[in-house]
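Here is what each chain is made of, one letter per residue.
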Amino acid sequence: MYNFKLNKYYNTESIIHNINPLIKIICVLIFTFLCLLSNNLIFLILLLFLLILIIYVSNVPRNLYINNLKFILPMMVFIFIINLIFSNFYMTIISIIKLVLFILYSQILLYTTKTNDITYGLENLLSPLKVFNINTSSIALTISLALRFIPTIFIESDKVIKSQISRGLNLSGNISQKCDKIISVIFPIFDLSLKRGEDISNVLEMRLYKVDGKRTKYKNNSITTIDVLSLLIHVVLILIFIVLEVFL
């Protein structure tokens, strides 16, 4: 079953929690691109050591991160089998490490950053698009609501599945039979998701929320020394990646 804590902000004090949301998002993007572009095992192990250090400094219980890996274990097994069939063992290990790095680093962002702060960071990251008359506030709000909506969908799915099982639904059988039975679960989930979306829309409308409206910030997210240091570490990772790709 879905664990709601997998995508929930963990309220504690740490250096990682205090980093500017904009800097966090930039670091996540840099880290993700490096994971995708690099097939060097030494470099990926270096990223893994950095990731372990960040997890330790974040003061978030390590068992939460372990639960994340348990949650994606079927996906890891699937990727392992597919890569093992169509590729060699080395590339299979590389693919698994990349998946682990990406999942854990993205979870660090979710555990250490409030949803409102993620919206702030995205809005500032996309601010150059205002030159092209693109409403960055609307894009940031959409992404923020999507992040909030994901746990809700899983929770509602869990309720629907338990409800259908209590009414006699048996999900056992071969793949074809399971696909036929899962239809009785998909439509209620889809209906509940639409109702949740409509509720959110009504709440925003009742509060006179305007996407184009000019709003003030309740929190001053200034750039600090920790932010600069975090960005420099990721810039150094880019330089290391270039050196390994060009000279090795």
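Here is what the cut-offs are and how they apply
Residues numbered from 1 in each chain as written. Predicted model: local features only at pLDDT ≥ 70, side-chain atom pairs only at ≥ 80, totals over all residues. Heavy atoms only, no water. Helix = DSSP H or I, 4+ residues; strand = E, 2+ residues; numbered from the N terminus. Expected span 1.5 Å × (residues − 1). Buried < 20%, exposed > 50% of the residue type's maximum accessible area, 1.4 Å probe, protein only. Polar contact = N/O pair within 3.5 Å; in protein donor to acceptor, adjacent residues only side chain to side chain. pLDDT = per-residue confidence, 0-100. Contact = heavy atoms within 4.5 Å. Axes fitted to C-alpha atoms, helices over the stretch in contact; angles between N-to-C directions. Parallel < 35°, antiparallel > 145°, perpendicular 65-115°, else oblique. Left-handed = near helix turned anticlockwise from the far one by under 90°. Salt bridge = Lys/Arg side-chain N within 4 Å of Asp/Glu carboxyl O. Core = buried A, V, L, I, M, F, W, Y, C linked by side-chain atoms within 4.5 Å. Nonpolar A, V, L, I, M, F, W, Y, C, P; charged D, E, K, R; others polar.

**Q** Report on helix H5 (residues 89-112), specifying residues and quantitative values.
**A** Its 24 residues give H5 an end-to-end C-alpha distance of 35 Å, which sits within 8% of 34 Å, the value for a rise of 1.5 Å per residue. Counting buried positions along H5 gives 18 out of 24 residues, so the element sits mostly inside the fold. Where H5 starts, the residue carrying a side-chain oxygen 3.2 Å from the main-chain nitrogen of Tyr90 turns out to be Asn88.

**Q** How would you summarise the confidence of the model for the protein if you had to cite specific residues and measurements?
**A** Taken over all residues, the pLDDT of the protein has a mean of 81, while the share at 70 or more is 88%. In the model, residues 1-5 has pLDDT below 50 throughout and makes 11 contacts with residues more than four positions away in sequence or in other chains.

**Q** Pulling in residues and values, what's your account of the side chain of Asp227?
**A** Examined against the element boundaries, Asp227 turns out to sit in helix H9 (residues 225-247). Sequence-distant contacts of Asp227, defined by excluding residues within four places in its chain, comprise Asn18, Ile19, Asn20, Ile23 and Ser222.

**Q** Account for the environment of Leu99, with residues named and values stated.
**A** Note that Leu99 resides in helix H5. Look at Leu99 and you get buried, because its relative accessible area is 12%. In the structure, Leu99 is positioned 64 residues away from Cys35 in sequence and 8.6 Å away in space, judged by C-alpha atoms. If near-sequence neighbours (up to four positions away) are discounted, Leu99 is found in contact with Ile72, Met75, Met76 and Ile79.

**Q** Quick one: what's the story with the packing of helix H4 (residues 73-86) against H5, residue by residue and with numbers?
**A** If you want to describe how two helices pack, look at the angle between their axes and the distance between the axes. Contact geometry of H4 with H5 gives a least axis separation of 8 Å together with a crossing angle of 155°. Of the possible angle classes, the one that applies to H4 and H5 is roughly antiparallel. Our pair here, H4 against H5, has a crossing hand that is right-handed. When H4 is examined against H5, the residues Met75, Met76, Ile79, Phe80, Asn83 and Leu84 are found in contact with a partner set consisting of Phe89, Met91, Thr92, Ser95, Ile96, Leu99 and Val100.

**Q** Would you mind going over the pattern of salt bridges in detail, with residue names and values included?
**A** Scanning all chains against the criterion turns up one salt bridge. Across the pair Lys195 and Asp191 runs a salt bridge, and its minimum N-O distance is 3.5 Å. Pair noted here: Lys195 and Asp191 are both in helix H8 (residues 175-206), with a separation of four residues, about one helical turn.

**Q** Got a sec to walk through the nonpolar core? Specific residues and values, please.
**A** It is characteristic of soluble globular proteins that their nonpolar side chains tend to be buried jointly. In terms of nonpolar packing, the biggest core is built from 36 residues, with Leu34, Leu47, Leu51, Tyr65, Leu101, Tyr105 and Ile108 touching the most fellow members. Elements supplying a minimum of two residues to this core: helix H1 (21-37), helix H2 (41-57), helix H3 (62-71), H5 and H9. The leading source of residues in this core is H5, at 12 residues. Here Ile108 is in contact with Ile16, Leu51, Ile54, Ile55 and Tyr65, once residues within four sequence places are set aside. Judged by nonpolar contacts, the second largest core, of five residues, contains Ile25, Leu110, Leu122 and Ala140.

**Q** Lay out unusual backbone geometry in plain terms, naming residues and giving numbers.
**A** Of note, the phi angle at Asn59 is positive, near 60°, even though the residue is not glycine. The residue Asn59 is located in the loop between H2 and H3 in this model.

**Q** Quick one: what's the story with the packing of H1 against helix H6 (residues 115-125), residue by residue and with numbers?
**A** The interhelical angle for the contact between H1 and H6, taken along N-to-C directions, is 70°, at an axis separation of 8 Å. Relative to H6, the element H1 lies roughly perpendicular. Contacts between H1 and H6 involve Pro21, Leu22, Ile25, Ile26 and Leu29 on the former and, on the latter, Asp117, Ile118, Tyr120, Gly121, Leu122, Asn124 and Leu125. When its residues are assigned to classes, the contact of H1 with H6 shows nine nonpolar, two polar and one charged.

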